[in-house]
Amino acid sequence: MKVAVTGANGQLGTDLCQTLHNFDVIPFTHADIEIADVVSVREAMLKHNPAIIINTAAYVRVDDCEDKKDKAFSVNALGARNVAVVAQELGARLVHISTDYVFGGEAEPRTTPYTEFDTPVPLSIYGKSKLAGENLVRHFCLRHFIVRASGLFGTAGSSGKGGNFIETMLRLARERDELKVVNDQVFSPTYTGDLARKIAQLMATDYYGISHITNKGASSWYEFTVEILKLAGITTPVVPITSDQYPQKARRPRYSVLDNSHLRLLGMDDMRPWQEALKDYLVARGHIT
Ligand SMILES: NC(=O)c1ccc[n+]([C@@H]2O[C@H](COP(=O)([O-])OP(=O)(O)OC[C@H]3O[C@@H](n4cnc5c(N)ncnc54)[C@H](OP(=O)(O)O)[C@@H]3O)[C@@H](O)[C@H]2O)c1
């Protein structure tokens, strides 16, 4: 069976292409396809006629999206629509990747995990553009899986962000006397290898709709950093700070933990705790044995 993957050399795309080795994978990098251009998407997909399209491609630079609104919406919203329209034309299933940043904008701060049945209220342009993408996918492609993930870390590192948080913290911990890390943004760290394996299982079912797929548990960036350094055996002190002490262009949710309710209702939620996944990541990257 042919499976097309957009963003194939990205953080998640790389792991998907490896995980799906039993399929006839057609990897599309940004050099092969421009999702913001429906002609590019149609031409690329028609050549291969995949049975499943997995769209990981996105404009993921959350702060830059605030200044480049048009780019954010043309890639994350219209790009998602283009892939959905072409998937529907081909009769293909579509797996579209979305984000926890569609949540967090309510007046009353949330303290319990979001399910697929909660109404998204995004805070940032990135979140709004990804939510618009979800809605367009739902409208234009009948057999869709919208997969919301959170705080991704993968051995390939984010192509759009130029690395990942773990590698940055390990480097800074070796360079600096102490690290100051935000403690009031809580999310579900998720290993792209685990996410890719669960997507492979989900796309073989008829369980269409929205699915949250994250590793188990929750963490702030501060707690995540403490665990990274502990596992790596680095003793550099980590100081918790607030988001106000680390101003960023885009507003981020104070709490965007996702509950994998859909998977759980289907008996498919065996996602492991993020701490175990982090350990595997550090081994895979050669930081620990
Ligand atoms: N990273 C996170 O923490 C996180 C959390 C939740 C959800 N997500 C979602 O998960 C998905 C994968 O994220 P990731 O971390 O794997 O990102 P990534 O490493 O930046 O990969 C994204 C890929 O998409 C490609 N791309 C970007 N714009 C494109 C366009 N207009 N047309 C075609 N390809 C394009 C990029 O290529 P170039 O780099 O060459 O442009 C890159 O290969 C995204 O949909 C993202 O919104 C990410």
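Structure: see above.
Conventions we followed
- Residues numbered from 1 in each chain as written.
- Predicted model: local features only at pLDDT ≥ 70, side-chain atom pairs only at ≥ 80, totals over all residues.
- Helix = DSSP H or I, 4+ residues; strand = E, 2+ residues; numbered from the N terminus.
- Rg over C-alpha atoms; globule rule 2.2 N^0.38 Å.
- Buried ≥ 20, exposed ≤ 12 C-beta atoms within 10 Å, placed from the backbone.
- Pairing = 2+ DSSP bridges.
- Axes fitted to C-alpha atoms, helices over the stretch in contact; angles between N-to-C directions.
- Contact = placed C-beta atoms within 7 Å.
- Core = buried A, V, L, I, M, F, W, Y, C linked by C-beta atoms within 7 Å.
- Parallel < 35°, antiparallel > 145°, perpendicular 65-115°, else oblique.
- Left-handed = near helix turned anticlockwise from the far one by under 90°.
- Nonpolar A, V, L, I, M, F, W, Y, C, P; charged D, E, K, R; others polar.
- Expected span 1.5 Å × (residues − 1).
- Arc of directions from axis to C-beta.
- Bend = angle between axes of the 7 residues up to and from the residue.

**Student:** Lay out the overall build of the protein chain in plain terms, naming residues and giving numbers.
**Tutor:** Counting its secondary structure elements, the protein chain contains 10 helices and 12 strands. Taken over C-alpha atoms, the radius of gyration comes to 18 Å for the protein chain, in line with the 19 Å a tight globule of 289 residues would show. Dimensions of the protein chain, computed from C-alpha atoms along their principal axes, come out at roughly 55 × 45 × 40 Å. Taking all 289 residues of the protein chain together, 48% fall into the buried category.

**Student:** Tell me about the environment of Pro-247, residues and numbers included.
**Tutor:** Secondary-structure assignment places Pro-247 in the loop between β12 (238-241) and α9 (261-265). Overall, the presence of 6 C-beta atoms within 10 Å leaves Pro-247 in the exposed class. As a C-alpha pair, Pro-247 and Glu-34 span 213 residues in sequence and 32 Å in three-dimensional space.

**Student:** Tell me about the sheet that holds strand β1 (residues 2-6), residues and numbers included.
**Tutor:** Spatially, six strands are ordered β2-β1-β3-β4-β5-β10 in an open sheet, and the strand pairing comes out parallel. Two strands close off the open sheet at either side, each with one partner strand: β2 (24-28) and β10 (209-212). Averaged over all pairs of adjacent strands, the angle between their axes in this sheet comes to 20°, without regard to strand direction. Pairing of β1 with β2, which is carried by five bridges, proceeds in the parallel orientation. When the bridges of β2 are listed, Ala-4 appears paired with Ile-26. With respect to the sheet, helix α1 (residues 11-19) is in contact with β1, β2, β3 (52-55) and β4 (93-99), its orientation differing from that of β1 by roughly 165°. Most of the contacts of helix α2 (residues 38-48) go to β1, to which it runs at about 155°, and overall it touches β1, β2 and β3.

**Student:** Quick rundown of the nonpolar core? Include the residues and the values.
**Tutor:** Formed by 83 residues in total, the largest nonpolar core has its most connected members in Val-5, Ile-53, Val-83, Leu-94 and Ile-199. Per-element accounting of this core gives the leading share, eight residues, to helix α4 (residues 69-90). Filtering out sequence-adjacent residues up to four positions away, Ile-199 remains in contact with Leu-16, Ile-54, Val-95, Val-147 and Ile-213.

**Student:** Give me the lowdown on the packing of α1 against helix α7 (residues 192-202), citing residues and values where you can.
**Tutor:** Running from amino to carboxyl end, α1 crosses α7 at an angle of 55°, the nearest separation of the two axes being 8 Å. Judged by the angle between their axes, α1 and α7 are oblique. Once α1 is placed against α7, the crossing between them reads as right-handed. Counting all contacts with α1, which are made through Gln-11, Leu-12, Asp-15, Leu-16 and Thr-19, the residues of α7 involved are Thr-192, Gly-193, Leu-195, Ala-196, Arg-197, Ile-199 and Ala-200. Among the residues making up the contact of α1 with α7, the classes are represented as six nonpolar, four polar and two charged.

**Student:** Kindly report on unusual backbone geometry, identifying the contributing residues and their values.
**Tutor:** The backbone of Asn-49 shows a phi angle near 50°, a positive value even though the residue is not glycine. Along the chain, Asn-49 falls in the loop between α2 and β3. A tally of 12 C-beta atoms within 10 Å means that Asn-49 is categorised as exposed.

**Student:** Give a description of the packing of helix α6 (residues 165-175) against helix α8 (residues 221-232) that names residues and reports values.
**Tutor:** Viewed as axis vectors pointing N to C, α6 and α8 meet at an angle of 65°, and their least axial separation amounts to 10 Å. Along this stretch, α6 crosses α8, giving a crossing that reads as right-handed. Counting all contacts with α6, which are made through Ile-166, Met-169, Leu-170 and Ala-173, the residues of α8 involved are Thr-225, Ile-228, Leu-229 and Ala-232. Looking at the contact of α6 with α8 residue by residue, the classes come out as seven nonpolar, one polar and no charged.

**Student:** Any details on α8? Residues and values, ideally.
**Tutor:** For α8, with 12 residues, the first-to-last C-alpha span of 16 Å sits near the 16 Å given by 1.5 Å per residue. Trp-221, Tyr-222, Phe-224, Thr-225 and Ile-228 are the residues of α8 that are buried. Axial view of α8: buried residues confined to an arc of 160°, hence all on one face. As for α8, its buried residues are in contact with α6, β7 (179-182), β11 (219-220), β12 and α10 (274-284). One or two positions beyond α8, positive phi appears at Gly-233, with a value near 70°.

**Student:** Go over α4 with me, naming the residues and quoting the values.
**Tutor:** Along its 22 residues, α4 runs 30 Å from first to last C-alpha, staying within 8% of the 32 Å computed at 1.5 Å per residue. A bend of about 35° at Leu-78 is the largest found in α4. The positive-phi residue at the C-terminal boundary of α4 is Gly-91, with phi of around 70°.

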